[in-house]
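The residues making up each chain are set out below.
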Amino acid sequence: MTHQSNTPAKLLIPLIGILLVSNAIYGQVKAPVLSGKEKVALFAKQSEMEQTSPFRDMKWQFIGPTNISGRCTDVEAVSPHGSNYTIWVGSATGGVWKSANEGTTFEPVFEQMPAASIGDIAIDPDNPEVVWVGTGEANIFRSSNAGCGVFKTTDGGKSWKLMGLENTFTTGRIRINPKNSDVVYVAATGHEWTPNEERGLFKTTDGGKTWTKILYIDENTGAYDLVLDPRDPNTLYCTTWERIRLKWNDPRTSESTKNSAIWKSTDSGKNWKKIISGLPSPNRLGRIGIDIARTNPRILYAYVDNYEVAYPAKQGETDSYGRQRKDVIKGATVYRSDNSGETWKQVSGLTPEQKTFMERHSATYGWVFGQIRVDPNDENTVYTMGLMLNQSTDGGKTFKSLRGPHVDHHGLWIDPANSNYLLNVQDGGLGISYDKGQTWKFPIKELPLIQFFNLGFDFSTPFRVFGSIQDHGSYIGVVDLSAGRDKVPAKPFEETIGGEGTSHTINTENNNTIYASGFYGQLGRAELDKYPQSYKDLLPNMLPGEPQLRGEWVAPTLVSPHNPDIIYHGMQFLMRSNDRGNTWDFISPDLSFNDPAKTGDISYQTISVFDESPLRYGLLYAGTDDGRIWRTKDGGKNWTEIRNGAVPVKFVSRITASKFDIGTVYMTQTGRRDDDFQVYIWKSDDFGDTWQDISGNIPVGPVNTIREDPVNKNILYAGTDGAVFVSKDSGKKWDLLGKLPFSYVHDLIIHPRDNMIVIATHGRGVWVMDANPINEKDKMRERRQFNLE
C-alpha cells in the first residue's frame, strides 16, 4: 500500500511470497578468528604482502577534511610545560600522534601497528622517550574497535615492541610505578561484545616481559581505572565494571549486576579490599572513574555512572535519537573520600540546580565517559568529562561547563607545574588552554582523525564526495584533479544535509537532489543549491498498532540506477518510492529475524545493506544486521532467503550487484560485533542461490565493503579494518593496494567517469588514488581513439 510522507497511513504489508532456500551444506563454515594473538600473526602476513604487492608504489592521497579533527581518547605530555613541548595524543581509530612543538605540527608514530584504536597512553616519569600504549578504546560506543595488546617504545615513538596482553582487546588505564619503571599496571576492560577471562588488572615487574593478573573478578567484569598513591606507589586504587554489550542494548547496569566496585591494595596488588561504603549498591553502579589528590593523598574522588532513578520518564518523551526515553537515572555522580577510601560521601548534585546539571552531564550514555581529574596543586579543583568538560573549585559541590572545545570528552592532562595549562581531548580532537579552561585553542587541525561512516559521490565537475562523520554530522568535499591525478589537494569540507550516522545518495542526472538518512533511518531530501530551505522529511508516519520502523545507525538509501525518481530505503522493511520520496510502498516483509527477545536501546534487526542490479529493474538483494540475506527478482512481489552453505549468520556489511553479469552478486560480512577478525567475502554467479568464498589470501578482517571495478569485471576492491585490497582475477588472489596507514576502511567507490578510487576511513578521513594503473581505462580510451580495438 502507498504511504504519504509525514502523514499517518495504515501499514498493509502486501502478501509477498517468501521462499527459504534450503540450508544444505555447500561448504564448511569458516572458523571465526577470536584471538588477539592470532590477529597479530595474521597482520604480520598482511605486512609481508605489502612488500611483495605489485601495487606497493601506488600512492594514496589524503584529501580532507582539513577543517575538523576526530575522536581522541587520551592525551599526555612531558612536564614541565615551558621546558618541554612534547604532546602525545591517542585517538579512537587513528593511532598515536606526537608533537614536539606543542601542537604546531603532529606526526603519526603508530601507523604500521596491527591496531589504530587507542585506549590509554603512559609516559615513563624517569625517561620521556619510554612510552606505553594500550590498544583498544575502552569507551564502549557505536564505533569503538578492538585492540590487540600493549606496546612500548624506548626511542620516542620511532619503533615499537608488542609487550603482550593481546587478548584483552581494550585498555582502560596504564600506570607506571614512579620509583621503579619496570613495574607497570594495565587495567584491561575486556572484550566489547563477548565474555573473556583476559580482563582485570595486570602487572609486570620486568618491563613487560611477563605479566601477572593481580585483580580478576569474572569474564564479564573488567578493570577500568587505576591510581597509585603518590606517597606510596604500592598503594593502589582500582575500579571494576561488570558489563556486557549486546547488539540490541547499551552496556547498562542491571538488577543482577554485583561486581562493579572500587578496590584498594596496600601491597602492590597481592591483596585487595573492596571499598564501597557510601556508594550506591552494586546493582546501581555503572562505570567508575577515580583520581587522587596529589597535595593530600588521603583525598580521592570517584565519578560514578549512578543507575539510581532520579525520576520516571514521561510517556512519549524521546531521547537524543528519537527513541522513547527511559527513566532518568541520576547518572554522573561525584563521591569524595577524605580517609583513603574507607568511606565515600556524595558531593555533587545536592542542590536543585546542580542535581539537574549532573543528570544532564552525560546524556543517555554515561558509560562512554567515566573520566575524572583532580588538580595536582589543589585538592578542591576537580574536572569531570561528559558531554562537556566540567570544572569544580569547591571539592565537587558545584560544577560548571568549560565552553570552547567540542563535545563528548575523554581525556585531560593538567601540568603538575602549572595548573593553568590544560590539554583536553574529545570527539573533536585536541584543545589547549593556558588559563584553566577559560579560553581554548581549538581545534588543532593538524590531527586528521576524521571518522567517516560512509561515502557517496556525484558527477559534478570536479566531482564531489559526501559522507557522515562521528559526532560532526555530514560533510561534502571536492575531488580536485586540476593539478593532476597524482596531485589532488587536501581541502576543507562543508557541512551538508544529514547527521553523523547518514547514508547519502544523489540524483546524478542533476547532481543537486540529495537523499540523506538520519539517526536510525530517518530520511530527508533536499536540493543542494537551496539547502537548508529545500529540506523535506520523507519517512512516513505509522499508525498506532502498526510496527514502528526500525533503522540501522547508517540506514541504506539508494536512487534506482534505472529511474532517478525511484528511491529505495531500508528499515526492517525495504521501502520504495516512485515519486522522489513523497509516497512510499513497503515492498518486503520484515527481513530480519524480528526476535522480540532481542529488542532494547539500540535499533537492531534491520536492513543493513541492499542493492539493485544495474542490469534489471526490480532485481534486488538485501542483507540485515542480524545476518539474513534476501533476493527478489520481481520488485518485491516474491522474496527468497539466500543465506546458505558456508555463509555464517553475521552482520552483512555490503552487497554489490554486478554491472557486467546479471546473475553475479558480491557480499561481505563483518564479525566486529562478535569480536571476530575473520575475512568474509562472497560471490555468487546464480543470483545468490549458491555462494563462493572469495576471501582468498586476505589475512585478516573484519571486512567492511566490496566494489566491482567500473571498467574490468575481473577487478574487485575490498576495504577492511586495516587496508584496501585489489584482485584482478575475480577474487582468486588479492594484493594490498598502495601503502596506507592502518585505517578502518568503511567505504570505497570508484568514480565511473573520472576513474578515481575514493575511500572513507573511520579515523583518517578521505583518501583518493588514480585507478588508471589498475584497470587501464586511460589506455582503453587511447586504443579506441586510434581505432586499435
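This one's a predicted model, so the numbers in the text were calculated from it and none came from an experiment.

1. Looking at the overall build of the chain
Across its full length, the chain holds 4 helices and 59 strands. Relative to the 2.2 N^0.38 estimate, which gives 28 Å for 789 residues, the radius of gyration of the chain is 26 Å and therefore close to what a compact globule would have. Dimensions of the chain along its principal axes, counting C-alpha atoms only, are 80 × 60 × 55 Å. Classification of the 789 residues of the chain by burial places 64% in the buried group. Sequence-distant contacts in the chain: of pairs separated by 6 or more residues, those separated by 24 or more amount to 57%. With an accessible surface of roughly 28,200 Å², the chain has 49% of that area assigned to carbon and sulfur atoms. Where the 86 positive side-chain charges of the chain centre and where its 94 negative ones centre are 1 Å apart.

2. Points about the nonpolar core
Of all hydrophobic cores here, the largest spans 22 residues; its most connected members are Tyr301, Val334, Tyr365, Trp367, Val368 and Ile372. Those elements that place two or more of their residues in this core are strand E22 (300-311), strand E23 (328-337) and strand E25 (371-374). Looking at this core element by element, the count peaks at 3 residues for E22.

3. A few points about the pairing of strand E45 (residues 607-612)
The side chains of a regular strand alternate, residue by residue, between the two faces of the sheet. Counted residue by residue, E45 has 6 buried out of 6 residues, so it is predominantly covered. As paired elements, E45 and strand E46 (residues 620-624) share 5 bridges and run antiparallel to each other. Note on E46: the bridge partner recorded for Ile607 is Thr624.

4. What to know about helix H2 (residues 352-359)
Turning to H2, its buried residues are Gln354, Met358 and Glu359. The arc that holds every buried residue of H2, seen down its axis, measures 140°, which confines them to one face. Opposite the buried face of H2, at more than 90 degrees from it, the exposed residues are Pro352 and Glu353. Looking at the packing, one finds that the buried side of H2 touches E22 and E23.

5. Topic: the packing of aromatic side chains
In this structure the tally under the stated criterion is 21 aromatic pairs. A centroid spacing of 5.3 Å and a plane angle of 25° characterise the contact between Phe141 and Tyr365, whose relative ring orientation is stacked. With Phe141 in the loop between strand E10 (131-135) and strand E11 (150-153) and Tyr365 in the loop between H2 and E25, the pair connects residues that are 224 residues apart, well separated along the chain. Among the residues examined, Phe141 registers a relative accessible area of 9% and is labelled buried. Residue classification places Tyr365 among the buried positions, given a relative accessible area of 9%. One aromatic cluster in this structure is built from Trp88, Phe110, Phe151 and Trp160.

6. A look at the sheet that holds strand E30 (residues 422-426)
Working definition: the strands of a sheet are paired by backbone hydrogen bonds and lie parallel or antiparallel to each other. Strand order in this open sheet of 3 strands is E29-E30-E31, and the pairing throughout is antiparallel. In this open sheet, the two strands that pair with only one neighbour each are strand E29 (409-414) and strand E31 (429-433). Strand after strand, the sheet turns through a mean of 20° between neighbouring axes, direction not considered. In this structure, E30 lies alongside E31, joined through 5 bridges in antiparallel fashion. Residue pairing for E31: Asn424 is matched across the bridge by Gly431.

7. Describing the pattern of salt bridges
The final tally for this structure, using the stated rule, is 35 salt bridges. A salt bridge links Asp250 to Arg252, with the shortest nitrogen-to-oxygen separation between them at 3.9 Å. By relative accessible area, Asp250 is classed as buried at 9%. With relative accessibility at 28%, the residue Arg252 sits in the partly exposed group. Taking the shortest distance from any N to any O, the salt bridge between Arg464 and Asp458 comes out at 2.7 Å. Under the relative-accessibility criterion, Asp458 is labelled buried at 0%. Among the ionic contacts, a cluster of salt bridges with common partners joins Lys247, Lys650, Asp674 and Asp676.

8. A look at the pairing of strand E6 (residues 87-91)
For E6, the buried fraction is high: 5 of the 5 residues fall into the buried class. Burial of the side chains of E6 extends over both faces: Ile87, Val89 and Ser91 are buried on one face and Trp88 and Gly90 on the other. Relative to E6, strand E5 (residues 72-77) runs antiparallel, the two sharing 5 bridges. Bridge pairing in E6 places Ala77 opposite Ile87. Where E6 lies against strand E7 (residues 96-99), 4 bridges are found, and the strand directions are antiparallel.

9. Examining the sheet that holds strand E13 (residues 171-176)
Spatially, the 4 strands line up as an open sheet ordered E13-E14-E15-E16, and their pairing is antiparallel. The open sheet is flanked by E13 and strand E16 (212-215), the only strands paired with a single partner. Averaged over all pairs of adjacent strands, the angle between their axes in this sheet comes to 25°, without regard to strand direction.

10. Side note on the state of the cysteines
Any covalent bond linking the sulfur atoms of two cysteines counts as a disulfide. Going through the model one piece at a time under the given rule, you end up with 0 disulfides. Distance from the sulfur of Cys72, which forms no disulfide, to the nearest cysteine sulfur (Cys148) is 19 Å. Residue classification places Cys72 among the buried positions, given a relative accessible area of 0%.

11. Section: the environment of Tyr621
Mapped onto the fold, Tyr621 is located in strand E46. Taking the C-alpha atoms as reference points, Tyr621 and Thr632, separated by 11 residues in sequence, lie 6.6 Å from one another. With residues up to four places along the chain from it excluded, the contact list for Tyr621 reads Val609, Phe610, Asp611, Trp630, Arg631, Ile642, Ile655, Ala657, Ile662, Gly663, Val665 and Phe687.

12. Quick word on the confidence of the model for the chain
Residue-level pLDDT values for the chain average 94, and 95% of them are 70 or greater. Below a pLDDT of 50 lies the segment residues 1-15, which in the model reaches 52 contacts outside its immediate sequence neighbourhood of four places, other chains included. The low-confidence segment residues 20-26 (pLDDT under 50) makes 16 contacts with residues lying over four places distant or belonging to another chain.

13. Here we look at unusual backbone geometry
For the peptide bond that leads from Thr461 to Pro462, omega is -5°, which places it in the cis range. Relative to the elements of secondary structure, Pro462 occurs in the loop between strand E32 (456-457) and strand E33 (464-469). In this chain, Tyr531 is followed by Pro532 through a cis amide linkage whose omega measures 15°. On the secondary structure map, Pro532 appears in the loop between strand E38 (523-527) and strand E39 (536-537). One non-glycine residue, Tyr520, lies in positive phi territory at about 50°. As for its position among the elements, Tyr520 is in the loop between strand E37 (513-517) and E38. The class of Tyr520 is buried, set by a relative accessible area of 12%.

14. Digging into the environment of Thr624
One can find Thr624 in strand E46. For Thr624, a relative accessible area of 1% gives the class buried. Distance in space between the C-alpha atoms of Thr624 and Met571 is 9.4 Å, their sequence separation being 53 residues. In this structure, Thr624 is in contact with Leu591, Ser592, Thr606, Ile607, Ser608, Lys650, Phe651 and Val652, ignoring residues within four places of it in sequence. A polar atom in the side chain of Thr624 sits 2.5 Å from the side chain of Asp626.

Cut-off values and rules
Residues numbered from 1 in each chain as written. Predicted model: local features only at pLDDT ≥ 70, side-chain atom pairs only at ≥ 80, totals over all residues. Heavy atoms only, no water. Helix = DSSP H or I, 4+ residues; strand = E, 2+ residues; numbered from the N terminus. Rg over C-alpha atoms; globule rule 2.2 N^0.38 Å. Buried < 20%, exposed > 50% of the residue type's maximum accessible area, 1.4 Å probe, protein only. Contact = heavy atoms within 4.5 Å. Areas by Shrake-Rupley, 256 points an atom, 1.4 Å probe, with all protein chains shown as cover. Lys, Arg positive; Asp, Glu negative; His and termini not counted. Charge placed at Lys NZ, Arg CZ, Asp CG, Glu CD. Core = buried A, V, L, I, M, F, W, Y, C linked by side-chain atoms within 4.5 Å. Pairing = 2+ DSSP bridges. Arc of directions from axis to C-beta. Phe/Tyr/Trp six-rings, centres within 6.5 Å; stacked < 30°, edge-to-face > 60°. Axes fitted to C-alpha atoms, helices over the stretch in contact; angles between N-to-C directions. Salt bridge = Lys/Arg side-chain N within 4 Å of Asp/Glu carboxyl O. Disulfide = S-S within 2.5 Å. pLDDT = per-residue confidence, 0-100. Polar contact = N/O pair within 3.5 Å; in protein donor to acceptor, adjacent residues only side chain to side chain.

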